[in-house]
Amino acid sequence: MDRSSRRQFLSLACKWGLLSLGAAPVLSSLMSGCKTLDELAKSGPSFQVGDVVVDTKAIAKETQVVAKSFEDITPEQEYYIGRTVGAMILQKYPPYNNPAADGYVNVMGQMLAQASDCPETYGGYHFLIQDSDEINAFAAPGGFIFLTRGMLRCCPQEDAVAAVLAHEIGHVQYKHGLRAIKQSRVTSALTSLAIKGTKKYGHEDLAKLTEAFEGSISDITKTLIVNGYSRSFENQADLAAITILQRTGYNPNGLVMMLDQMKIQLKPGRQDFAATHPSPDSRLAEIQKYVAKYPDVKSPQARQERFKASLGRI
Amino acid sequence: MPKYKSIPIISLLMTLTGLAVFAVEQKMMSIQVKNGDVRSSPSFLGKIVDQLKYGDQVAVQTVKGSWYFIDRPEGSTDGWMHSSALSAKKIVLNPGASDVEQAASSDEITLAGKGFNQQVENDFKSKNPQVDFTWVNNMEKMTVSQNQIQAFIKEGQLSPKGGE
């Protein structure tokens, strides 16, 4: 090997060595599947929404307290929690039962979920329209997403419907539902993992576990229907929605369009979005800097026609 | 003599490089979703070439953004999976007493079917018969094919920029 080819070999070996050594931590940092905001915050002080960089440290502060506990809930357990939370939500708002409209939001929802940071959940994403004039939408853990006819009436175009669905997908992505579970219940459920026995729980263990389960469902349902998430969680979901809209080719101003309509249609004092979410004005103010560069929403004719055909009489 | 000085350096680099590549290639992961689609390319637009089940083990060979090229030790088709379908923990199906003991002292394994599971849901249902799961079950039956999504994108004149 002459001197120049030896130098070339050494240089290549160094590059490949560094690359390979660098791959391991990158790989391990990505191993956990869907990233929570805490993980994003740990991996760096910021992340990107469309073209705008967001400071994660500030919004992650309140999430760090319970991070350790809820993250130990497996996707399989999250799925069972989500199923029951979904059944509880359906007690308050029954299904609209319109296959064409449900089919439309399911195709759109799946496409949006695939563009999220958490496209795969244990049981997948599923969407359902509920027969209520109240303006509301819910994301149960694991990807069971619900929205009322009242909410869809706040959407003059498909891009606005996409914004609602993407916002709810954002809640699933960040596991906001699981974060509503009280620490004591999570501890109780996780303790049950150490119960020996192969297939089925005995009577006493099952009773304890079901009690923790009922409590968890109650914590989440109460948060979704009565108290609402914190302002910072809603902001996270809005920013996730903007990213998803941008990735799928929708206009992120679909979110602005929906919030503008909601402002007109919300009736103060009702137990719906008005009670569980920050006001449309404050949400608009928070997202302004991320959406300002986009034009007003103007759907192509074919998109608007299918929107009207599917949801025109909602 | 300068000729021979470089040999230990080269050997060291080759060893380090080899070890690092080996570590990446041997990283085992588990499918953490009910049905894990394996695709021909690192995108949801990629053709589904195989479907793996909850708890199946795969070896990660290459990483491209949030997509992992996986290899199944027991044959089956190789291909790409999204990271959100995979867990770094080993998922133990039908865990026995020794698995439970191991899980208590290690965060490297997950016990399938433990904690909140079908049995707990059934117990909840028997105590809360007024809670109706019919429409939750109906929701799960509402499935969407990749072809439907493609047709939806085309008809709506959407131009996806892709996820990560």
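Given the structure is predicted, the values throughout are model-derived calculations rather than measurements.

Enquirer: Can you walk me through the overall build of chain A in this structure?
Expert: The helix and strand inventory of chain A stands at 16 helices and five strands. When burial is assessed residue by residue, chain A has 52% of its 314 residues classed as buried. Across chain A, contacts joining residues at least 24 apart in sequence account for 72% of those joining residues at least 6 apart.

Enquirer: Hey, could you run me through the confidence of the model for chain A in this one?
Expert: The predicted coordinates of low-pLDDT regions are not to be read in fine detail. Residue and element names in this part refer to chain A. Mean pLDDT over chain A works out to 82, with 75% of the residues at or above the 70 mark. Here residues 40-45 is a poorly scored stretch, pLDDT under 50, and it has 10 contacts once near neighbours within four places are set aside; other chains count. In the model, residues 55-68 has pLDDT below 50 throughout and makes 26 contacts with residues more than four positions away in sequence or in other chains.

Enquirer: Teacher, can you tell me more about helix 16 (residues 301-311) of chain A here?
Expert: Each turn of an α-helix holds 3.6 residues, which means side chains three or four residues apart point in the same direction. Residue and element names in this part refer to chain A. Considered for burial, the residues of helix 16 that qualify are F307, S310 and L311. One side of helix 16 holds all its buried residues, which, seen down the axis, span an arc of 75°. In helix 16, the exposed positions angled more than 90 degrees off the buried face are occupied by Q301, A302, K308 and A309.

Enquirer: Help me out: how do you make sense of the packing of helix 11 (residues 203-227) of chain A against helix 3 (residues 118-127) of chain B in this one?
Expert: Angle between the axes and distance between the axes are the two parameters that describe a pair of packed helices. For the pair helix 11 of chain A and helix 3 of chain B, the least separation of the axes is 9 Å and the interaxial angle reads 75°. Taken together, the axes of helix 11 of chain A and helix 3 of chain B lie roughly perpendicular to each other. Together, L206, L209, T210, F213 and E214 of chain A of helix 11 of chain A and Q119, V120, D123, F124 and K127 of chain B of helix 3 of chain B make up the contact between the two elements. Taken together, the residues of the contact of helix 11 of chain A with helix 3 of chain B sort by class into five nonpolar, two polar and three charged.

Enquirer: What is the right way to read the pairing of strand 3 (residues 126-130) of chain A from this model?
Expert: When a strand is regular, its side chains alternate between the sheet's two faces. All names here are of chain A. For strand 3, the tally of buried residues reaches five of five residues, placing the bulk of the element in the interior. The alternating pattern of strand 3 places H126, L128 and Q130 and F127 and I129 on opposite faces, both of which are buried. In the sheet, strand 3 pairs with strand 5 (residues 144-148) via five bridges, with the strands oriented parallel. In the sheet register, H126 faces strand 5, and the bridge partner there is F144.

Enquirer: Whenever I open this one, the sheet that holds strand 5 of chain A confuses me. Can you help?
Expert: Consider a sheet: its strands pair through backbone hydrogen bonds, and that pairing is either parallel or antiparallel. All names here are of chain A. Here we have three strands laid out as an open sheet, ordered 3-5-4, and mixed in their pairing. The open sheet has two edge strands with one neighbour each: strand 3 and strand 4 (137-140). Between one strand axis and the next, the sheet turns by 15° as a mean value, whatever way the strands run.

Rules used in this analysis
Residues numbered from 1 in each chain as written. Chains lettered and ligands numbered in written order. Predicted model: local features only at pLDDT ≥ 70, side-chain atom pairs only at ≥ 80, totals over all residues. Helix = DSSP H or I, 4+ residues; strand = E, 2+ residues; numbered from the N terminus. Buried ≥ 20, exposed ≤ 12 C-beta atoms within 10 Å, placed from the backbone. Contact = placed C-beta atoms within 7 Å. pLDDT = per-residue confidence, 0-100. Arc of directions from axis to C-beta. Axes fitted to C-alpha atoms, helices over the stretch in contact; angles between N-to-C directions. Parallel < 35°, antiparallel > 145°, perpendicular 65-115°, else oblique. Nonpolar A, V, L, I, M, F, W, Y, C, P; charged D, E, K, R; others polar. Pairing = 2+ DSSP bridges.

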